[in-house]
Amino acid sequence: MEALLSPLHQAARQYPNQIALTQTLGGVKQEIDYRTLSLRVIALGEQLTAKGLGRGDRLACIDNNSVELVMLYWACIDHQILFCPLSPRFPATQVSALIELHHLNFLWTGSAFTDLLTEIPAPSDCGGSNRVEPTPVTLDFSLISDRAPASVDYFAPANIILTSGSSGQPKAAVHSLNNHRVSAEGSRSLIALDPGDVWLLSLPLFHIGGLAIINRSALVGATVALQDRSVGLSIQISRDKITHLSLVSTQLVRLLKEDVDCLKGVKSLLLGGGAISPTLLEQLKALSVSCFTSYGMTEMASQITTGPASSDGSSGRLLPARELKIVDKKIYVRGETLFLGYLDAQGENDIREHKLLRPTDEEGWFFTKDRGYWDTEGKLHILGRIDNMFICGGENLQPEEVEAALKQHPVIEDAIIFPRPDEEFGHLPAAIVKINHSQSAMPSYEELTQFLADRVARFKRPRVYYPWPKIESTSLKVSRKRVIEEVLKKM
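Read on for a plain summary of the structure. (Residues numbered from 1 in each chain as written. Predicted model: local features only at pLDDT ≥ 70, side-chain atom pairs only at ≥ 80, totals over all residues. Heavy atoms only, no water.)

### Some words on the sheet that holds strand S21 (residues 380–385)
As a reminder, the rule being used: Two strands pair under a simple rule: DSSP has to find at least two bridges between them. Secondary structure elements follow DSSP: runs of H or I no shorter than four residues count as helices, runs of E no shorter than two count as strands, and numbering proceeds from the N terminus. With axes taken as lines fitted to C-alpha atoms, and helix axes fitted only over the stretch in contact, angles between N-to-C directions fall between 0 and 180 degrees.
Strand order in the open sheet formed by 4 strands is S16-S17-S20-S21, with antiparallel pairing between adjacent strands. Each edge of the sheet is formed by a strand with only one pairing partner; in this case those strands are strand S16 (322–327) and S21. Pairs of neighbouring strands in the sheet enclose a mean axial angle of 45°, with direction left out of account.

### Focus on the layout of surface pockets
Quick note on the threshold: Here a cavity means grid points, on a 1 Å grid over the protein atoms only, where a 1.4 Å probe fits yet cannot get out; a pocket means an open set of points with protein on both sides within 12 Å along at least five of seven lines; lining residues are those with an atom within 4 Å of a point. Grid points are joined across faces, edges and corners, and a volume is the space filled by probe spheres set on the points.
Space inside the second largest pocket adds up to approximately 170 Å³. Taken together, 10 residues form the lining of the second largest pocket, with Leu-107, Leu-117, Ile-120, Glu-133 and Pro-134 sitting closest to its centre.

### Regarding the packing of aromatic side chains
Test applied: Aromatic rings from Phe, Tyr and Trp, taking only the six-membered ring of Trp, are treated as a pair when their centres fall within 6.5 Å; an angle between ring planes under 30 degrees marks them as stacked, one over 60 as edge-to-face, and anything in between as tilted. When a residue's accessible area, from a 1.4 Å probe over protein chains only, is under 20% of the maximum for its type it is buried; when over 50% it is exposed; and in between it is partly exposed. The rule for a charge over a ring is simple: NZ of Lys or CZ of Arg within 6 Å of the ring centre, and within 35 degrees of the ring normal.
Taken as a whole and assessed by the stated rule, the structure comprises 8 aromatic pairs. A centroid spacing of 5.5 Å and a plane angle of 65° characterise the contact between Tyr-73 and Phe-83, whose relative ring orientation is edge-to-face. One end of the pair, Tyr-73, is in helix H3 (residues 67–79); the other, Phe-83, is in strand S4 (residues 82–86), and 10 residues separate them in sequence. For Phe-83, a relative accessible area of 0% translates into the label buried. With a centroid separation of 5.6 Å and an interplanar angle of 65°, the aromatic rings of Trp-108 and Phe-141 are classed as edge-to-face. Of this pair, Trp-108 sits in strand S5 (residues 106–109) while Phe-141 sits in the loop between strand S6 (135–136) and strand S7 (157–162), placing them 33 residues apart in sequence. Relative accessible area serves as the criterion here: at 5%, Trp-108 is assigned to the buried category. Over the ring of Tyr-332 we find Lys-325, and its NZ or CZ is 5.5 Å from the ring centre.

### Regarding the sheet that holds strand S26 (residues 464–467)
For clarity, the cut-off: Note on contacts: a residue pair qualifies if any of its non-hydrogen atoms lie within 4.5 Å across the two residues.
Spatial strand order, S24-S25-S26: 3 strands in an open sheet with mixed pairing. Only two strands of the sheet have a single partner each, and these edge strands are strand S24 (412–422) and S26. Averaged over neighbouring strand pairs, the angle between their axes works out to 30° when direction is ignored. With 10 bridges connecting them, S24 and strand S25 (residues 426–435) associate as antiparallel partners. Bridge pairing links Ile-416 to Ile-432 in S25. Where helix H11 (residues 399–406) meets the sheet, it contacts S24, S25 and S26, and its direction lies at approximately 140° from that of S24.

### Let's talk about the pattern of salt bridges
To keep things clear, this is the line we draw: The working definition used for a salt bridge is a side-chain nitrogen of Lys or Arg within 4 Å of a carboxyl oxygen of Asp or Glu.
Applying the stated criterion across every chain, the model contains 19 salt bridges. For Asp-312, the salt bridge is made with Lys-379, and the minimal N-O distance between the two is 3.0 Å. Taken together, the positions of Asp-312 in the loop between strand S14 (302–308) and strand S15 (317–318) and Lys-379 in the loop between strand S20 (366–374) and S21 put the pair 67 residues apart, joining distant regions of the chain. In this structure Asp-312 comes out as partly exposed when scored by relative accessible area, which is 36%. In this structure, Lys-407 and Asp-414 form a salt bridge, with 3.9 Å as the shortest nitrogen-oxygen distance. Judged by relative accessible area, which is 28%, Lys-407 ranks as partly exposed. One network of salt bridges, with partners in common, ties together Lys-29, Glu-31, Asp-228, Arg-239 and Asp-240.

### What to know about the pairing of strand S9 (residues 198–201)
Using the following cut-off: The definition of a right-handed crossover adopted here requires that, viewed with the strands pointing away, the path from the first strand over the helix to the second runs clockwise.
Burial along S9 is two-sided: Val-198 and Leu-200 facing one way and Trp-199 and Leu-201 facing the other are all buried. Looking at chain direction, S9 and strand S10 (residues 223–226) are connected through 4 bridges and run parallel. Across the sheet, Trp-199 pairs through a bridge with Val-224, a residue of S10. Handedness of the crossover is the feature at issue here: the chain leaves S9, passes through helix H7 (residues 208–220), returns alongside S10, and the resulting connection is right-handed.

### Here we look at helix H12 (residues 445–452)
Note the threshold: The arc in question is the one traced by the directions running from the helix axis out to the C-beta atoms.
Considered for burial, the residues of H12 that qualify are Leu-448, Phe-451 and Leu-452. Buried residues of H12 fall within an arc of 90° about the axis and therefore sit on the same side. Summarising the geometry of H12, the exposed residues directed more than 90 degrees from the buried face are Glu-446 and Gln-450. For H12, the secondary structure elements touched by its buried residues are H11, S24 and S26.

### Section: the nonpolar core
Condition: In plain words, nonpolar cores are sets of buried Ala, Val, Leu, Ile, Met, Phe, Trp, Tyr and Cys residues tied together by side-chain atoms within 4.5 Å.
Core analysis: the biggest nonpolar cluster contains 49 residues, and Leu-48, Leu-59, Leu-72 and Trp-74 have the highest contact counts within it. Among the elements that line this core, the one with the most residues is H3, at 10 residues. Every residue in contact with Leu-59, bar those within four places of it in the chain, is listed here: Leu-48, Leu-53, Leu-72, Cys-76, Ile-81, Leu-82, Phe-83, Cys-84, Phe-106, Leu-107, Trp-108 and Val-137. Residues Val-198, Leu-263, Leu-287 and Val-289 belong to the second largest nonpolar core, which totals 24 residues.

Okay, structure coming up:
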């Protein structure tokens, strides 16, 4: 691809008066059109370069979703600075460890998190020549510039998104702007998005799903609405005329209980979080809401397959510019949305020269560590993570199958199945169950066993149920390992 303007600046030329960003603070609604946002991003880029940031530098950004964070993303795109959003829920010690591990040499925090600058411990001395102490960056986001925007290299490293770290320390996945562009175009081939549509930014920008909303919207001149946490979700959906939503099933259940009518103006709903109950699907059908489920991952810049939500638990069909093959129920992917690689800063002399590790085979296939199969209609079904599977009485037990069945229960929001040692069977399944906030007690063992009787095989049914522990999550995705560890501590 020849050098082009970023999607933001292209939108500013094509749709200058369309609203790019909207947020409500203190009851006052603020709107920024594409032309104004473009001018402010250009001015922000000038400030970044004046402070010494340039191609290949790594800017750690810590904030809740905000106008400033979105502007920083686009300013970094313009100057090939690697934008690395970190969860504001990370403790200072974890932020310090990530900064050192991934050589994040500049740091910006939103106004609510400036205390982190003094709380972050100094880098350890064990890093030797690789020791990193990030330079704090202060910026004025109100300035505008009348300079012409610079063209950008769509295939250069553009940003760093940390993986969920479900199996340990999160990895730093590096994407190009082209990865995001192709991902957005593939999504739009199934989920229509037009100028003037409004997509609620309900996912954080440190998650690939949140970044995908920003890119999808800019490519077509749609509006990104920042979530207003001072009011309920149903109120904002109606008030801000939200047309597109990304939610997990538990959020949707609460939303329908809160105000079922708020979804009447929603055109498309992208739903994650596993199997969807028939009751939920019937409610959406009555509201004429187009609901989609998807299978995606950080390394593939979000969606891989997508399709209309159905009670069969499928994740839809393959989107354009992606490839997926299944060998012995193991899922492999490749295509134009596949990331550039994991950042490997160890041993680098020049922090701006990135060493990327892209673990693919000779044919370019990336092993997802997920298990799945295609049904006769060409729809993908996800069985679960390979490293979650265990043996029970000589039989393979995939926890996600039992978890999906449990989440069909009307009072269960989430469930985790894990193995407990047993002399006779080797391992037996145990369950950790989260009930919804309207319930005071967990269903009895007898009730849950009966509930699962016609849903999963007998050997797969949990022999014991534990209540969900009270832990604070620093990630969008639940850490199975941490939840299980907290339960085991109390045994």
